[in-house]
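# Results of the structural survey
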Amino acid sequence: MQIWDSPEFDAHEQVCLFADEDTGLKAIVAVHSTHLGPAAGGTRFKTYASDADAVDDALRLSRAMSYKSALAGLPVGGGKAVIVGDPARLKSRDLLHAYGAFIDRLGGIFSTGEDVGMGMADIDIVSEVTRHVGGTSTGTGDPSIATAVGVIHGLRAVAAHRFGRDDFAGLRFAVQGLGAVGMGVAERLHAEGAELVVSDVRPEAVEAAVARFGAEAVPTGEIHSAPADIFCPCALGGVLTVETASEVRAAAVAGAANNQLASAEAGERLAARKILFAPDYVMNAGGIISGITGGEGRTRRDGRAFPPLDESLAVIRQRLSDIFARAGAEGRTPELVAQHLACELIGRSPNVTSAA
């Protein structure tokens, strides 16, 4: 496994591999950039087909975190961690303590929080051995709430740009994934009069959405091609391949999932079909915004206070509006504009950065 040969390696500043034989812990921390401040990013706990796939995921996600934090105007860099294995089988207090000890050993260059397979209760346990965590039950709280609110701000930018309107009444959204964020997005869309089509690998989540929101249920393999105004991916990444991008029937794609585009070619296929794509690392920045700005008494490097959380989350809408306008003016895709703008903010040349 050669990290430098990975297509996801992008001049990452640091990549650390951790193991603890007693607990079965195998973890990877990737720090992409600390240009704007110490790296921040969640910890993902899941099974991978290979260790190389796990490294690639950490590299790819950490780069997206650099972009996300920069475009959200946050004074932090980008990093990501993955714990390799089945959390249902491996997760234990001792493993989480061992993981926290490794994070602490990094000395503050990287701080982490929850992600797939890691909830607030798990981060609380990690926080028992390191202070380099966010999103604990005694801190800023559940980041999924802020993420869902941020996605709604982003969807307003999409609705304004694509449909010339500021509300969701009567618009049809295909929501893929009904976890904490996806269900939160669906709930807020329903409250504003949107029509919902939903899917999830968990039948009970789909049943809840049908009962609560009057949503239409479709199979997970068909949600991307469901007739809708906006396709809203809120599950895992890679949903948009060249093939599935060719099957999307919505006028726009905008959701909370990380790394929605499986390849740059998939984004180009959407653009060729005149389907607006909202870069995911702008759409889903609410969690990191909450974690960085929401803590009591937190200030910027220059001592200025952060604005209230509601105002900080509203930046997502303005940033997306600016990206859409610049993309139209320059004849480029929104994801390419976002990538170049993020690279400018973290002091990198966009010419050497692969697509996020």
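Our structure is the block above this text.
Notes on the structure in this doc start here. Residue numbers restart at each chain and count upward from 1, following the sequence in its written direction. Note on the predicted model: pLDDT of at least 70 is required for a residue's local features to be given, and 80 or more for side-chain atom pairs to be given and counted; whole-chain, interface and lining totals, by contrast, use all residues. Side-chain metrics rest on all non-hydrogen atoms present in the structure, leaving aside hydrogens and water.

### Section: the overall build of the chain
To keep it simple, the criterion reads: Numbering goes from the N terminus for both helices and strands, where a helix is a DSSP run of H or I of at least four residues and a strand is a run of E of at least two. C-alpha atoms define the radius of gyration, and 2.2 Å times the number of residues to the power 0.38 defines the globule rule. The buried label goes to any residue with under 20% of its type's maximum accessible area, the exposed label to any with over 50%, and the partly exposed label to all in between, with areas taken from a 1.4 Å probe on protein chains only. Residues count as neighbours in contact if any of their non-hydrogen atoms are within 4.5 Å of one another. Values of accessible area rely on a 1.4 Å probe in the Shrake-Rupley scheme; residue burial ignores everything except the protein chains shown.
Tallying secondary structure elements over the chain gives 13 helices and 12 strands in all. The C-alpha atoms of the chain give 19 Å as radius of gyration, which agrees with the globular expectation for 356 residues (21 Å, within 12%). For the chain, the spread of C-alpha atoms along the principal axes amounts to about 55 × 45 × 45 Å. Counting the 356 residues in the chain, one finds 53% classified as buried. Taking as baseline every contact in the chain between residues at least 6 positions apart, the subset at least 24 positions apart corresponds to 64%. Accessible surface computed for the chain: about 14400 Å², of which carbon and sulfur atoms make up 50%.

### Re the sheet that holds strand E10 (residues 230–233)
Note the threshold: Two strands qualify as a pair provided that DSSP identifies no fewer than 2 bridges between them.
An order of E9-E8-E7-E10-E11-E12 is seen for the 6 strands of this open sheet, with the pairing classed as parallel. Edge positions in the sheet fall to strand E9 (216–217) and strand E12 (276–277), since each of these pairs with one other strand and no more. Bridging between strand E11 (residues 252–253) and E12 involves 2 bridges; their strand directions are parallel. Within the sheet, the bridge partner assigned to Val253 lies in E12 and is Phe277.

### Considerations on the environment of Leu196
Along the chain, the position of Leu196 falls in strand E8 (residues 195–199). When sequence neighbours within four positions are dropped, the list of residues in contact with Leu196 reads Phe173, Val175, Ala186, Leu189, His190, Phe213, Ala215 and Glu216.

### Description of empty space enclosed by the protein
Quick note on the threshold: Lining residues are defined by having an atom within 4 Å of a point belonging to a cavity or pocket. Those points lie on a 1 Å grid over the protein atoms alone, cavities being sets where a 1.4 Å probe fits but cannot get out and pockets being open sets with protein on both sides within 12 Å along at least five of seven lines. Grid points are joined across faces, edges and corners, and a volume is the space filled by probe spheres set on the points.
All chains considered together, the criterion is met by 1 cavity of 30 Å³ or more. In this model, the largest cavity occupies a volume close to 30 Å³. Along its surface, the largest cavity is lined by Lys68, Leu71, Ala72, Tyr281, Val282, Ala285, Val315, Ile316 and Arg319. Contributions of two or more residues to the lining of the largest cavity are made by helix H1 (51–71), helix H10 (280–283) and helix H12 (309–330).

### A closer look at the pairing of strand E2 (residues 25–33)
A large share of E2 lies buried, amounting to 8 of its 9 residues. Relative to E2, strand E1 (residues 14–20) is paired through 7 bridges, and the arrangement is antiparallel. The partner of Leu17 across the bridge, within E2, is Ile28. Where E2 and strand E5 (residues 77–84) come together, 6 bridges link them in antiparallel fashion. When the bridges of E5 are listed, Ile28 appears paired with Val82.

### A short note on the side chain of Lys80
Note the following rule: By the criterion applied in these results, polar contacts are pairs of N or O atoms within 3.5 Å in which, for protein atoms, one can donate a hydrogen and the other can accept it, and in which residues neighboring in sequence qualify only through two side-chain atoms.
Within the secondary structure layout, Lys80 lies in strand E5. Within polar-contact distance, the side chain of Lys80 engages the side chain of Asp115 at 2.6 Å. In this view, Lys80 contacts Ile28, Val29, Ala30, Gly41, Gly42, Ala58, Leu61, Ser62, Met65, Phe110 and Asp115; residues no more than four positions away in its chain are not counted.

### Comments concerning the pattern of salt bridges
Which entries qualify depends on this criterion: By salt bridge we mean one thing: a side-chain nitrogen of Lys or Arg within 4 Å of a carboxyl oxygen of Asp or Glu.
Per the counting criterion, the structure on display carries 20 salt bridges. The closest approach of N and O atoms between Glu187 and Arg212, which form a salt bridge, is 3.3 Å. Here the residue Glu187 occupies a position in helix H6 (residues 180–191), and Arg212 occupies one in helix H7 (residues 203–213), the gap between them amounting to 25 residues. Judged by its relative accessible area of 38%, Glu187 is partly exposed. A salt bridge links Arg332 to Glu330, with the shortest nitrogen-to-oxygen separation between them at 2.5 Å. Its relative accessible area of 39% is what places Glu330 among the partly exposed residues.

### Examining the packing of aromatic side chains
We count it as follows: Paired rings are identified among Phe, Tyr and Trp, the last through its six-membered ring, by centres lying within 6.5 Å, and are further divided according to the angle between planes into stacked (under 30 degrees), edge-to-face (over 60) and tilted (the rest). We call a charge positioned above a ring when the Lys NZ or Arg CZ atom is no farther than 6 Å from the ring centre and deviates by at most 35 degrees from the ring normal.
According to the stated counting rule, one finds 3 aromatic pairs in the structure shown. Pairing Tyr67 with Tyr281 gives two aromatic rings, centres 5.3 Å apart and planes at 65°, and the pair type is edge-to-face. Taken together, the residues Tyr67 in helix H1 and Tyr281 in helix H10 connect sequence positions 214 residues apart. Overall, Tyr281 belongs to the buried group, its relative accessible area being 4%. Sitting over the ring of Tyr48, Lys46 keeps its end group 4.5 Å from the ring centre.

### Points about the nonpolar core
Formally: Residues grouped as a nonpolar core are buried Ala, Val, Leu, Ile, Met, Phe, Trp, Tyr and Cys residues, joined through side-chain atoms within 4.5 Å.
In this structure, Leu155, Phe173 and Leu189 are the most contacted members of the largest nonpolar core, which totals 63 residues. When residues in this core are grouped by element, the largest group, 8 residues, is from helix H5 (residues 143–163). Each residue touching Leu189, except ones within four places of it in the same chain, is listed here: Ile152, Leu155, Phe168, Phe173, Val175, Ala194 and Leu196. Counting 24 residues, the second-largest nonpolar core is a separate cluster that includes Cys16, Leu25, Val31 and Ile125.

### So, unusual backbone geometry
Look at Asn259: it is not a glycine, yet its phi comes out positive at around 50°. Along the chain, Asn259 turns up in the loop between E11 and helix H9 (264–272). Given the relative accessible area of 7%, Asn259 is considered buried.

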